Amino acid sequence: MRSPFAPAVVTYHGSAGAFAQIACRTAFPRARAIACGSLLQVIEAVRAGRAEAAVLPCENLLAGRVPDIHLLLPEIGLAPEAGLRIVGEIFLPIELHLVAPAGRSLDQIRRVHSHPVALNQVRRFLAAHGLAAVEQSNTATAAALVRRSGEGADAAVASELAARTYGLTILKRNIEDNPVNMTRFYVLARDPVVPAPHEPDILTSLLFELDNAPGALFRALSGFADAGINMTKLESYLVDGQFVATRFLCEFEGHPERDDVRQAIDTLVRHSTRHAILGVFPMHATGTRTRANVNRGGLQ
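Parameters and conventions
Going along each chain's sequence as written, the residues are numbered from 1 onward. For a predicted model such as this one, the threshold for reporting local features is a pLDDT of at least 70, and the threshold for listing and counting side-chain atom pairs is 80 or more; totals across whole chains, interfaces and linings nevertheless cover every residue. The basis for every side-chain value is the complete set of heavy atoms in the structure, and neither hydrogens nor water enter the calculation. Here's how the labels work: a residue is buried when its accessible area is under 20% of the maximum for its type, exposed when over 50%, partly exposed in between, all with a 1.4 Å probe on protein chains only. Secondary structure counts use DSSP, requiring at least four H or I residues in a row for a helix and at least two E residues in a row for a strand, with both numbered from the N terminus. Here, the arc refers to the directions that run from the helix axis to the C-beta atoms. Pairing between two strands is assigned when DSSP locates at least 2 bridges connecting them. With the strands aimed away from the viewer, a crossover counts as right-handed if its path from the first strand over the helix to the second runs clockwise. Fitted lines through C-alpha atoms serve as axes, helices being fitted only where they are in contact, and the angles separating the N-to-C directions of these axes extend from 0 to 180 degrees. Geometric relationships in this document are graded by angle, where less than 35 degrees denotes roughly parallel, more than 145 denotes roughly antiparallel, 65 to 115 denotes roughly perpendicular, and other angles denote oblique. Handedness of a helix crossing follows the sense of rotation of the near helix relative to the far helix, less than a right angle counterclockwise being left-handed and clockwise being right-handed. Residue contacts follow a heavy-atom distance rule, with two residues in contact if any of their heavy atoms lie within 4.5 Å. Throughout, the ten residues Ala, Val, Leu, Ile, Met, Phe, Trp, Tyr, Cys and Pro are labelled nonpolar, Asp, Glu, Lys and Arg are labelled charged, and all others, Gly among them, are labelled polar. Each salt bridge in this description consists of a side-chain nitrogen of Lys or Arg and a carboxyl oxygen of Asp or Glu lying within 4 Å of one another.

Description of helix α2 (residues 39-47)
At 3.6 residues per turn, the α-helix brings residues three or four places apart onto the same side. Of the residues making up α2, those classed as buried are Leu-39, Val-42, Ile-43, Ala-45 and Val-46. Axial view of α2: buried residues confined to an arc of 155 degrees, hence all on one face. Two residues or fewer after α2 comes Gly-49, characterised by a positive phi angle close to 85 degrees.

Next comes the structure, spelled out in structure tokens:
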């Protein structure tokens with residue numbers, strides 16, 4: 001992270017060897033990383049002060065957004081008294097391996113356990129070998145389960161660290177469908193850690209709600225187009241079980257205190273029924289390069 005934020009304790013969802021733990025080590029090598037069994041426990045650990053930050057995956061280059069995290073974001077952002085703030089992002093290259101206890105071979109495997117997002121990243125490999133996907137809560141948890149299981153037909157998709165942690169053998173390395181594979185993580189904390197307005201490469205994450213009316217989204221976002229502000233993300237949510245997209249999460253380049261950004265946000269506020277800034281934070285160096293490449297016409 002390009003930030004002075006240096007927590008002593010960070011928390012993540014999963015078990016030792018999870019990619020979230022690797023992201024914690026990468027971003028905060030001096031911090032103690034503690035695992036939690038659920039996403040709600042991760043959030044509560046930071047709210048209660050047992051950890052200073054949470055590291056949660058939000059999207060993968062191949063599989064798209066991580067649904068569980070995005071379901072939490074509205075709750076986090078619309079409850080200021082109990083919510084968290086996004087204070088950074090981490091981009092982590094992902095290498096997925098087929099792992100199993102020593103002595104097993106690929107032709108013995110029939111079932112492969114892992115997190116749904118990881119399974120989505122290896123669909124071609126699974127189909128080519130006739131392997132059934134079995135969803136688990138986390139890649140490292142899947143590796144631990146396979147280690148404990150006596151079933152010779154079970155394997156897991158996990159990291160090399162998870163394989164070492166649970167004493168597993170890598171049957172096949174790098175089985176992801178595309179070698180250019182990366183996951184983005186949010187870093188969340190109780191209090192904002194806001195960079196100065198003049199700093200370069202700043203992202204703002206904002207949640208807003210609209211009336212279900214023709215042109216409502218166009219009018220709300222028109223100020224960003226008029227000011228030439230680059231929007232890097234726009235996603236919709238169902239609200240209260242209705243099949244009407246009236247809540248949106250957007251991310252854009254620029255600090256809210258910059259004049260052009262402030263004017264664009266003012267336009268959005270005039271045309272929205274509710275809004276909350278989830279975080280203002282510096283781009284990760286990899287994110288800066290990736291977004292620049294996309295703006296020039298494609299990933300490189």
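What follows continues from the structure just given.
Quick notes on unusual backbone geometry
Residues other than glycine seldom take positive phi values, yet Asn-174 does so here, at roughly 50 degrees. Relative to the helices and strands, Asn-174 is located in the loop between β10 (169-172) and β11 (182-189). By relative accessible area, Asn-174 is classed as partly exposed at 36%. A positive phi is found at Asp-201, a non-glycine position, where the angle reads about 55 degrees. Its location among the elements puts Asp-201 in the loop between β11 and β12 (202-209). Overall, Asp-201 belongs to the partly exposed group, its relative accessible area being 33%.

Regarding the pairing of strand β2 (residues 32-36)
Across five bridges, the pairing between strand β1 (residues 9-13) and β2 is parallel. Residue pairing for β2: Val-10 is matched across the bridge by Ala-33. In the classification by handedness, the crossover that spans β1, the intervening helix α1 (residues 19-27) and the parallel β2 is right-handed.

Focus on the packing of helix α8 (residues 216-227) against helix α9 (residues 259-271)
Where α8 meets α9, the axes come as close as 7 Å, and the angle between the chain directions of the two elements is 165 degrees. Here α8 is positioned roughly antiparallel relative to α9, judged by the angle of their axes. By crossing handedness, the relation of α8 to α9 is classed as right-handed. Two secondary-structure elements touch here, α8 through Arg-219, Ala-220, Leu-221, Ser-222, Gly-223, Phe-224 and Ala-227 and α9 through Asp-260, Ala-264, Ile-265, Thr-267, Leu-268 and His-271. When the residues that make up the contact of α8 with α9 are grouped by side-chain class, the tally is seven nonpolar, four polar and two charged.

Things to note about the pattern of salt bridges
Enumeration over the complete set of coordinates arrives at 14 salt bridges. Close ionic contact of Arg-247 with Glu-209 constitutes a salt bridge, the shortest N to O distance being 2.6 Å. On the criterion of sequence distance, the pair formed by Arg-247 in strand β14 (residues 242-253) and Glu-209 in strand β12 is long-range, its members being 38 residues apart. Across this residue pair, the class does not change: Arg-247 and Glu-209 are buried.

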